[in-house]
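Overview (structure and organization)
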Amino acid sequence: MYNLIAKFMRKAIPVKGEKLSIINDSQNRTSTPKPPYIVLKITDKKRLSSSETRYTDKYKIIWCRSQVSVHILFVGTDKIPALEMAHAFDMRFNDAWASEQFEQYSDILFPLYSDDVNSAGQIINSEDQVDDAYSVNAYFEYHPELGVCAASAKEVVMDVDIVD
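The structure presented is a predicted model; accordingly, all values stated were derived computationally and were not measured.

**A short note on the sheet that holds strand S10 (residues 145-149)**
- With antiparallel pairing, three strands are arranged side by side in an open sheet as S3-S4-S10. One side of each edge strand has no neighbouring strand; the edge strands of this open sheet are strand S3 (52-55) and S10. If you compare each strand with its neighbour and ignore which way they point, the axes differ by 25° on average.
- The sheet contact formed by strand S4 (residues 59-63) and S10 spans five bridges and is antiparallel. Across the sheet, the residue bridging to Tyr59 is Cys149, located in S10.

**A few points about the packing of aromatic side chains**
- Scanning the model with the defined rule gives ten aromatic pairs in all.
- Considering the side-chain rings of Phe8 and Phe93, the 6.1 Å spacing of their centres and the 75° angle between planes classify their relative orientation as edge-to-face. Of this pair, Phe8 sits in helix H1 (residues 2-12) while Phe93 is found in helix H2 (residues 82-93), placing the two residues 85 residues apart along the sequence. Comparing Phe8 with Phe93, the two get one shared label, buried.
- Taking 5.5 Å as the distance between ring centres and 45° as the angle between the ring planes, the aromatic pair formed by Phe8 and Trp97 counts as tilted. On the criterion of sequence distance, the pair formed by Phe8 in helix H1 and Trp97 in helix H3 (residues 96-105) is long-range, its members being 89 residues apart.
- Owing to a relative accessible area of 0%, Phe8 belongs among the buried residues under this scheme.
- An aromatic cluster of three or more residues is present, and its members are Phe8, Phe74, Phe89, Phe93, Trp97, Phe102, Tyr105 and Phe140.

Reading guide: rules and limits
- Residues numbered from 1 in each chain as written.
- Predicted model: local features only at pLDDT ≥ 70, side-chain atom pairs only at ≥ 80, totals over all residues.
- Heavy atoms only, no water.
- Pairing = 2+ DSSP bridges.
- Helix = DSSP H or I, 4+ residues; strand = E, 2+ residues; numbered from the N terminus.
- Axes fitted to C-alpha atoms, helices over the stretch in contact; angles between N-to-C directions.
- Phe/Tyr/Trp six-rings, centres within 6.5 Å; stacked < 30°, edge-to-face > 60°.
- Buried < 20%, exposed > 50% of the residue type's maximum accessible area, 1.4 Å probe, protein only.

Put into structure tokens, the structure is as follows:
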């Protein structure tokens, strides 16, 4: 999921002359990269439907619809302000263009909407300087699948009695 969102970010926030690092919250215990950078953190996952099952010749596949909330932190520089990066993301994410982009990437993650851009407060970097930071919460519909190896999956037969 993080890779799909990062792929979209690189298109939605064109940064010229600087390397834009995109990290996720699980990359803990490492120092933050040099700004500009973006941090992605999944903050919530809610099931939207009951599980559904389908079969292939080798697997039983279980999936359900979920809503995933992702907190996105933008940390900028003088040349590339965090507020501009956050607004670029917000405008493009809430446009039909975002759906077109994610459709090209996969069939499991779909953009829904994002909240307004907010100041992230003061972020102190490793040099004890305050970094320019803004954040936004983005919401996605997610269709995770779980495959269960089933040797007998191709032999599953529905036995239906027809009663008159």
